[in-house]
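Residues per chain, in single letters:
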Number of protein chains: 2
Amino acid sequence: MSSDVEADRGEPAGPGASGRRPLSRELIIETAIDFVDRHGLTALTMRRLGKQLGVEAMSLYRYVNGREDLLEGIVDRMVAELQLHRDHENPDATIGWQAYLQWLAHAVRGLAREHPNLFPLIATRHPAAPWLRPPLRSLRVVEDFFDTLISRGFSDTRVVLAYRSFSSFLLGYLLLEASVLGARSSPPEEPLDEGDSHVPNADQNLDLAPFPHVRRLEEQLSEDHAGAEFEQALEDLLDRLDRFITE
Amino acid sequence: MSSDVEADRGEPAGPGASGRRPLSRELIIETAIDFVDRHGLTALTMRRLGKQLGVEAMSLYRYVNGREDLLEGIVDRMVAELQLHRDHENPDATIGWQAYLQWLAHAVRGLAREHPNLFPLIATRHPAAPWLRPPLRSLRVVEDFFDTLISRGFSDTRVVLAYRSFSSFLLGYLLLEASVLGARSSPPEEPLDEGDSHVPNADQNLDLAPFPHVRRLEEQLSEDHAGAEFEQALEDLLDRLDRFITE
DNA sequence: ACCTGAACACCGTTCAAGT
DNA sequence: ACCTGAACACCGTTCAAGT
């Protein structure tokens, strides 16, 4: 009744309420993901998450080993979705490595676009081992990556190089794309406004006068070609890997 | 005398102490950068920063408009260093655009390697305008980028494409490189250990048995070729841009 | 077995009050 | 003009106590 963050699922659901799933690690993580999708990462606290579940914050500690463990669980759950898509949509083992990397790239991009507020978490949290590279930070996914490329002719050396450049490519393009999507969704978190003149479009109160090129190109810069650029860069990367393998 | 984070500059420096710079936004930001370099981003709180400066936390609010504004100031200060290097080391206006992008790429990489704990901040904070792309998120730097490339023959359309692919490239490669460097420096922040068997190298307690390729390649994966890979990917990107401009 | 009340240490932030 | 004490609302987390 104080913050505006709760109001979604108001009633803590009295004992007789029908569809109340019992508390579990799964349910907690799913609820947290949904919560971050709607309110942004900084809004996620143990106490608010408890309220969302109709329970006190302390109850969560039975299923989740502290806040850091919760974030870890969220990230694991997200990348596990990749594996699910792999099994369900893509049972065909006969496709080439290029088609596989195309599929994988689009699957990760789908994740980033569906959960722009969570992608920075996937991108910046230290993975379980230092040689795991976000966003391809799950052992199962990486094993699958290696297996697929090796069975299509990559040497050990090449597949490691491919893993490195592919993860860097995904991270750079998708983190920037997610950031733009997340900017609208994720709430202010802005430096306290100190009573400046209230321009409606506060975002554009930059003085571009000293930067003529930027000023002239602002419109072009604002155009969204994320999809086409991603495809183009992906193709170029695949060509690069192809030169690898044949040289 | 409780946490182990203070002990660096123990004496709050009595009034007679010699070199005590007066409090200012500059000093606060510099101290914060140094603090994060040593203790990691999550350790930075207004109260601890105050202590580091020999002052109560509330005093900081005279110079800094809240914590978010402090982080903003840190990021601005960091990217401003790029401009400094540009003016000091690189007065030669006759170099080609490729040499300029080489210089810029290495300057940003230098930032990432000197401040691995701060680079994620530069990478993931929403910039002042949605069309600014980290890590090239300063208007002065972007204007310089545009000016240099345009005066070397880039069209408006090409320079915008170049800005997009160049920033994605820097972000992907450098965020991953900084993450590895930061993993050692930045303190635990790990999910509370629940009394598992205490392996000395807790990092390697992953069970790699189900992932034979990963297991076999672990050593190769752990090798550090960040420098060479960065140079290679940079060259490939420059070639790609070259094809742009001449086609 | 599962949840909670009360407590603790620590946050960011405000503001009247001190010098 | 500059700093601080005290206070407020909010955190994460623990643990004995309730059912």
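Thresholds, definitions, all that
- Residues numbered from 1 in each chain as written.
- Chains lettered and ligands numbered in written order.
- Predicted model: local features only at pLDDT ≥ 70, side-chain atom pairs only at ≥ 80, totals over all residues.
- Heavy atoms only, no water.
- Near = heavy atom within 4 Å.
- Polar contact = N/O pair within 3.5 Å; in protein donor to acceptor, adjacent residues only side chain to side chain.
- Nonpolar A, V, L, I, M, F, W, Y, C, P; charged D, E, K, R; others polar.
- UniProt positions renumbered as here; feature names shortened; annotations may be inferred.
- Helix = DSSP H or I, 4+ residues; strand = E, 2+ residues; numbered from the N terminus.
- Contact = heavy atoms within 4.5 Å.
- Buried area = accessible area lost by both parts, 1.4 Å probe.
- Salt bridge = Lys/Arg side-chain N within 4 Å of Asp/Glu carboxyl O.
- Buried < 20%, exposed > 50% of the residue type's maximum accessible area, 1.4 Å probe, protein only.
- Phe/Tyr/Trp six-rings, centres within 6.5 Å; stacked < 30°, edge-to-face > 60°.
- Lys NZ or Arg CZ within 6 Å of the ring centre and 35° of its normal.

A look at the protein's contact with DNA strand C
So, point 1. Residues in contact with DNA strand C amount to 16 residues; listed here are only the nearest, E56, S59 and Y63 of chain A together with R47 and R67 of chain B.
So, point 2. By atom count, sugar and phosphate contribute 50% of the portion of DNA strand C lying within 4 Å of the protein.
So, point 3. Between DNA strand C and the protein, one listed contact pairs a base nitrogen with a side-chain N or O atom of R62 of chain A at 3.0 Å.
So, point 4. Measuring from a base nitrogen of DNA strand C, one finds a side-chain N or O atom of R47 of chain B at 2.3 Å.
So, point 5. A per-class count over the surface near DNA strand C returns 7 nonpolar, 3 polar and 6 charged.

Things to note about the UniProt feature "domain: HTH tetR-type" (unreviewed entry) in chain A
So, point 1. Following the UniProt record, the feature "domain: HTH tetR-type" (unreviewed entry) maps to residues 22-82 of chain A here.
So, point 2. Along residues 22-82 of chain A, the helical share is 62% and the strand share 0%, with 26 Å between the first and last C-alpha atoms.

Here we look at the interface of chain B and chain A
So, point 1. Listed as interface residues are 67 residues of chain B and, on the opposing side, 67 residues of chain A.
So, point 2. The largest share of the area that chain B buries against chain A comes from W131, L176 and L221 of chain B, three residues that together contribute 12% of it.
So, point 3. Inspection of the chain B/chain A interface yields 6 salt bridges.
So, point 4. In this structure, the salt-bridge partner of R164 of chain B is E229 of chain A, at a minimum N-O distance of 2.9 Å.

Looking at the pattern of salt bridges
So, point 1. Tallied over the entire structure, the rule returns 26 salt bridges over all chains.
So, point 2. R240 of chain A serves as the salt-bridge partner of D236 of chain B, at 2.7 Å between the closest nitrogen and oxygen. On the criterion of chain membership, the pair formed by D236 of chain B in helix α9 (residues 226-246) and R240 of chain A in helix α9 (residues 226-246) is interchain, its members lying in two chains.
So, point 3. Look at D236 of chain B and you get buried, because its relative accessible area is 18%.
So, point 4. R240 of chain A sits in the buried class, given a relative accessible area of 17%.
So, point 5. With a shortest N-O distance of 2.6 Å, E177 of chain B and R113 of chain B are connected by a salt bridge.

Comments concerning the packing of aromatic side chains
Residue and element names in this part refer to chain A.
So, point 1. Enumeration according to the criterion identifies 18 aromatic pairs over all chains in this entry.
So, point 2. Between F169 and Y173 the ring centres are 5.3 Å apart and the planes differ by 50°, which places this aromatic pair in the tilted class. With a gap of 4 residues between them, F169 and Y173 both fall in helix α7 (residues 156-185), about one helical turn apart.
So, point 3. On the basis of relative accessible area, Y173 is assigned to the buried category, the value being 12%.
So, point 4. One aromatic cluster is present, built from ring pairs that chain together F145, F146, Y163, F166, F169, Y173 and F230.
So, point 5. Positioned above the aromatic ring of F230 is the side chain of R109, whose terminal nitrogen or guanidinium carbon lies 5.4 Å from the ring centre.

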